[in-house]
Amino acid sequence: MESAPGGRLVSKVLSWRAAAAIAWSVLLLPLSTFSFIFLSRISLLHPVQWATDSLQEMYNSYTAFSLLVLAGIVVTIGTFNTEFYTVEPSIPCSRIALLGSVFHPQRLLHSVVHAALGVLTAWCTTVLVGGRYHLMSAPSSQDSVGVEGLYLNEFHVFLLVGGAFFGYSYSLRYFINNMNYLSFPAIQQFKYLRFKASLWLVVKYSAVQSFYFLRNYCLLYYFLGYVPRAWISASMSLQKDSSVPALDTLSGLLDPPLLYVAWLSGTFLLLTWYLTWLLFKIFITEVYQFPVQLPFGEDADRCLPRVLTSKVSPLVKCLALQDLALLSQYSPCRRQEVFSLSQPGGHPHHWTAISSECLALLRDLTHTLTAYQEVAAGNGRVKAVPLTAEKRALGSSAEALGYNEAASYQPALRTSHLSHTPRSSPLFKSSNSSVRSLLSFPFTPDLSSPFVSPMAPQQGEALDMASPCYGSLQSPHVMRRGPKLWTSASRASGCIPTAEDYLVPVSCPTPETVRPSGLSHWLLHRQEQVKVFLSRRVPVVYLFHKLPEASSQAVFANSQIHIWALEGLSHLTAASFTEDRYGVVQTTLASILSVLLSLQEAVDKHFKLPHACSRPARASGSLADSSYRTLRFALRSALKTSIYRITSTFGEHLGAVQVSGEHRKRLQQFLTYKV
Amino acid sequence: MCSLDLFPPPLCEGHITLYELNNELVSGLQNDEEVYNFQAQTLGFPSVLIRKESLKPHCRLEHSAKAAFIHHREPVWKRSANACRCVELTPILFLILVPKWLKALSCCTLAVARWARAFHGSLSPHLKVRISADASRTGCSLRAFAWHPHTDKFAVALLDDSIRVYNSQSETVPTLKHRLQKNVAALAWKPLCASVLAVGCQSCILVWQVDPTSLSTRPSSGCAHVLSHPGHCPVTSLAWCPKGGLLLSASPVDTSMLIWDVATEICVPLQRVGGGGVTYLAWSPDGNRVLATTPSSVFRVWETRTWTCERWPTLNGQCQTGCWSPDGTHLLFTVEGESVIYLLTFLDTGELLGKVGGSKTALICADLSKTTFEIEQAEIRVGGEVQSMVWDPSGERLAVILRGDPTNVESKTLVAVFKTNVSPVFELLPCGFIQGEIDAEPQFLSFHPNFKKGALLTVGWSTGRISNIPFYFVSAQMSRPSPGRSPPRDSLLSNTSVICFQPIQGSAPVVSRVINILHKLPLQIHFSVFFFSKTSFSGLSI
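Since the model is a prediction, treat every value here as computed from it, not as a measurement.

Draft legend 1. The arrangement of the interface of chain A and chain B in detail. Each partner contributes to the interface: chain A provides 47 residues, whereas chain B provides 48 residues. For the chain A and chain B pair, buried surface summed over both sides reaches about 4200 Å², with 58% attributable to carbon and sulfur atoms. Across the contact surface, chain A and chain B share zero salt bridges. On the surface where chain A and chain B come into contact, there are five residue pairs in polar contact (both at pLDDT 80 or more). Going through the elements one at a time, α12 (314–330), α13 (332–339), α23 (559–579), α24 (586–606) and α25 (631–650) of chain A are the ones with two or more residues in the side of chain A that touches chain B. The leading source of residues in the side of chain A that touches chain B is α25 of chain A, at ten residues.

Structure, rendered in structure tokens:
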């Protein structure tokens, strides 16, 4: 995505932050390494020897070398974190989607690299622990003089393969728990305090996780352990020492010191990696203060209104909206800048840019929700409405200014792409109608059309996987299509829905491809037969069965920005009651109220759908943040609070604001606290 | 400094304080019928009297179900035979395989765990503090009280663990009951919301959704969702952010206080070394600072932007209670074992991050040491420790419960009311004592958050009566702040802003012209401000 110069500047800041996070995790490495050495040599009966041993080990040249290797590993992990983060969680709507997301090529690469890094880390831990785990080859344990040469040290192999397993499991968990999703903290704290608060949680979590991973690994090794052993002994031409019991037997595996070392090195691996991840998260989600206006116009692209309205990476957009929410709440002098008029000219460019962007975001959400409800109400039949919303999200917020906004307040900086048609943006209309006309031919006629078959979502899934969703904004239609996947699977022979739905994005760019010919008709017919056949098989149903509630989660997946927009708008509006000297906000008050109230209506309707109201069980003590699962509740309460904030500040004065009759009624309910 | 000597003497027995008018507290006879009708008629609030006898007795006193079973002794073989008859193999295996030593081992572990817990309790004596404080209230049928911040609605928690929500507009009184709702210690309505009530219980926080339009008297427990965090119980203090959204909860047992994002059920623990748990929370009305007291002689004032704190090691005893002035610049607090009120002032830190801005020393602003009054040849001793303290939302009245000495007959627990003035100089002047029925002791105090004609104090008495005492006065701050928001610093600015809003359909130039006029005529404006502040303000037209 092409980014504005201001966005690029912020991106530079972000890369510096990522670098600082990696640097800190490298600096923390010696500490965790030394504690690992200390714990690995535990001997309660000889404390003095224990202490001196570990101290000696710390000055070892091996230790220095493995520290170097570990630093390299941490840097790599940090780089992967920077490449794979997202601000919008991916919520699989069925089990097949989950599988698909795990075996996506890019994620597969992530997993493989992490497995390799796991082997490296495990090698470092074997070096640090020393003793019988140190080397791949060891002399025979039998003291008989006649036996010469070196044998394969299976403990070493066990730990190395264990490292690979731990690395792979880490990578799997990373994606399944959406740990690449950056959730922004509810309260602002200093970085050090945030780190301190989560440190203990990280230690506990990695110890527990390591325990579970080790259990799984032991099971795996018990059954399949001979494979890596045979392979390594063949490739390195080392013989198995017959005097030592093999580790894939019960007696060999139940070796407490070995299990302890394996668990400890697993904990060490997870701890260093999770710490890197934690530091990255803390650094990158820190508040970035955008200037509202600069005294000289040289860096105008860096200003908050400009960043909000231009195409920037989603993370920068998040940071800008977060900063907006904070400034509207805490910072009177920055609010003053927002309400100020331009010199010369006297236009409230800042306020117009900010408010129109926020309103556009909220309107999008309203459209998405109404479209979703239509799908739900019409048994999965979808109209082309979401597409417009998607275009909006991709484009800038240019067109959607308020309903009755004074022409004099239109911002100069955007006049280039401002169309002067008063309402219902041209983009909206044109795309809408064109898509309609495109779709009307192949899809609407009969419900038994070949396109409408239960297998269809699989193709949708394939599309899903192909879409680049790393580091950049996932194209919104992917997210929006998610929920509608397989709506019919539960209805036994699955019929009508979803087909148009997933085909919309495909058919848009190249409409010719979807014109059905006789051959394709036949093919599709056969295909449908196969699908109907498959859809009655249990494993297929299991895989494709739509997870309840997931669709509702997916609709609100990126609602954090909407929450910030709501907070920012409502705080600014409430503050304008006393602080807005030029009456800048008054001009948009009507459109703010109407947007908020229609969103409120849409959200209320959404919560009447099945599964929307059920709360997922809260996992306490887990490192993975599952806040995205409950974002819809946060949005609902933020919306209500925002409307109340405005109504309680303005009170009866709102009677003078022009809103529609329906909204007036709703407003009255808010004024009397009946909602 | 204000002391109790300056107060008018308390009323004699049998008189009840009714209201304040023209700077005087007016009383009535207790047995007078009109006295009881006064509240319902003049104020329009439901009068509440909940006698302890009317509540259902505690049905959960017996915690274990042991009594319901008869002890029965049988040898192992007989039990195995019985199990065999039932053709179930697993019980037999279980009976045979569980050896004696395992039983003994688990008993030992249990004993060790209990011993460790007892040891923990002896190391940190503060754990017992709250429990004793609660025990003093068991004689009363009322446990906690909370006014809704925006409407004439209040919630009362009762001794039988139910909560009733009274509304001046409707007759229905919803009663909230929940399986986990035990030993309710705190209630708090969410600001900028009509229906959300947070309840601090023995084991968790319950967040009720009390639909204001519903006619049901028993909302189902599905209307409540549970917030719990390991180690964070019992919850004894709750505070909502006045700007909405965040909820703070504290437990005297847990060293960290939790900030909940209630909608997503995510909590962020805030922990600092020292002090033990957190016993009392008070969020300043402007939302910028939070007072958090601990069971030891330390309290903290947090600022809410980056959540850093200032630590106040008070010298004698723990901080008992505290309250904020409406603009959040003054904090009054009392210390256990001392009969004085301290004042802390806070500076506006502006945009500085991580600064609380508290002054270096706390000043003593009122002396509440024991004073003797003679009424009708009887001596009444008033004064001593402060049990609780509330400040009204306009910043004009301060009500304090003075705990009497239970061993002394002459000493009485009374509510003392002060007149206060925050700007330009902090002042504390005596107003009078508030007295209830005979043998009624005040349990809690609360000011109505938006009473238009002055201030309205709600007192819960040990007899189970909740009485409302209005204080009629004209507020010195002319424009009343809208609830939940900080009042404007100077009234001039708020005036102009009111004007700003008037021509809402008009164009901006008109507004700026008005402002220009105002700027040119400072003298008249001051005059007009003064003038309007002395009369009832309805609208400003120039």
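Next comes the rest of the write-up.
Draft legend 2. Local environment of the packing of α13 of chain A against α23 of chain A. Residue and element names in this part refer to chain A. Taken N-terminus to C-terminus, the directions of α13 and α23 make an angle of 90 degrees; their axes are 11 Å apart at the nearest point. When the interaxial angle is binned, α13 and α23 end up roughly perpendicular. On α23, the residues that touch Pro-332, Arg-335, Gln-336, Val-338 and Phe-339 of α13 are Leu-572, Ala-575, Ser-576 and Glu-579. Residue composition of the contact of α13 with α23, by class: five nonpolar, two polar and two charged.

Draft legend 3. Here's a closer look at the UniProt feature "transmembrane region" (unreviewed entry) in chain A. Residues and elements named next belong to chain A. UniProt marks residues 21–44, 64–87, 108–135, 155–176, 220–238 and 258–280 with the feature "transmembrane region" (unreviewed entry), using the numbering shown here. Along residues 64–87 one finds 88% helix and 0% strand; the C-alpha atoms at either end are 37 Å apart. Between the first and last C-alpha atoms of residues 155–176 the distance is 31 Å; the span itself is 100% helix and 0% strand.

Draft legend 4. Spotlight on α13 of chain A. Residue and element names in this part refer to chain A. The complete set of buried residues in α13 reads Arg-334, Arg-335, Val-338 and Phe-339. Angularly, the buried residues of α13 cover 145 degrees about the axis, an arc narrow enough to put them on a single face. Elements that come into contact with the buried residues of α13 comprise α12, α14 (349–377) and α23.

Draft legend 5. Structural view of the nonpolar core. Counting residues in hydrophobic clusters, the biggest one holds 150 residues, and the most contacted among them are Phe-158, Tyr-274, Phe-290, Leu-315, Leu-321, Leu-324 and Trp-351 of chain A. No other element matches helix α10 (residues 256–284) of chain A, which puts 18 residues into this core. Counting residues in each nonpolar core, the second largest holds 28 residues, with Ile-375, Val-382, Val-386 and Val-400 of chain B among its members.

Draft legend 6. Layout of the sheet that holds strand β27 (residues 386–391) of chain B. Residues and elements named next belong to chain B. The strand order across the open sheet formed by four strands is β27-β28-β29-β30, and the pairing between neighbours is antiparallel. Strands with a single pairing partner mark the edges of an open sheet, and in this sheet they are β27 and β30 (427–434). With strand direction ignored, the average angle separating the axes of adjacent strands in the sheet is 25 degrees.

Draft legend 7. Up close: the packing of aromatic side chains. Under the counting rule described, the total for this entry stands at 48 aromatic pairs over all chains. Taking the centre distance of 5.0 Å and the plane angle of 80 degrees together, the rings of Tyr-170 of chain A and Trp-273 of chain A count as edge-to-face. One end of the pair, Tyr-170 of chain A, is in helix α6 (residues 154–176); the other, Trp-273 of chain A, is in helix α10, and 103 residues separate them in sequence. Summarising the aromatic geometry, the rings of Phe-447 of chain B and Phe-471 of chain B are spaced 6.5 Å apart at their centres and angled 50 degrees between planes, so their arrangement reads as tilted. Here Phe-447 of chain B is found in strand β31 (residues 442–447), whereas its partner Phe-471 of chain B is found in strand β33 (residues 465–472), with 24 residues between them in sequence. Each member of the pair, Phe-447 of chain B together with Phe-471 of chain B, is buried. Taken together, the aromatic side chains of Phe-80, Phe-84, Tyr-170, Tyr-174, Phe-175, Tyr-205, Trp-273, Tyr-274 and Trp-277 of chain A make up a single cluster linked through ring pairs. When the ring centre of Phe-473 of chain B is taken as reference, the NZ or CZ atom of Arg-397 of chain B above it lies at 4.3 Å.

Calculation criteria
Residues numbered from 1 in each chain as written. Chains lettered and ligands numbered in written order. Predicted model: local features only at pLDDT ≥ 70, side-chain atom pairs only at ≥ 80, totals over all residues. Heavy atoms only, no water. Contact = heavy atoms within 4.5 Å. Buried area = accessible area lost by both parts, 1.4 Å probe. Salt bridge = Lys/Arg side-chain N within 4 Å of Asp/Glu carboxyl O. Polar contact = N/O pair within 3.5 Å; in protein donor to acceptor, adjacent residues only side chain to side chain. Helix = DSSP H or I, 4+ residues; strand = E, 2+ residues; numbered from the N terminus. Axes fitted to C-alpha atoms, helices over the stretch in contact; angles between N-to-C directions. Parallel < 35°, antiparallel > 145°, perpendicular 65-115°, else oblique. Nonpolar A, V, L, I, M, F, W, Y, C, P; charged D, E, K, R; others polar. UniProt positions renumbered as here; feature names shortened; annotations may be inferred. Buried < 20%, exposed > 50% of the residue type's maximum accessible area, 1.4 Å probe, protein only. Arc of directions from axis to C-beta. Core = buried A, V, L, I, M, F, W, Y, C linked by side-chain atoms within 4.5 Å. Pairing = 2+ DSSP bridges. Phe/Tyr/Trp six-rings, centres within 6.5 Å; stacked < 30°, edge-to-face > 60°. Lys NZ or Arg CZ within 6 Å of the ring centre and 35° of its normal.

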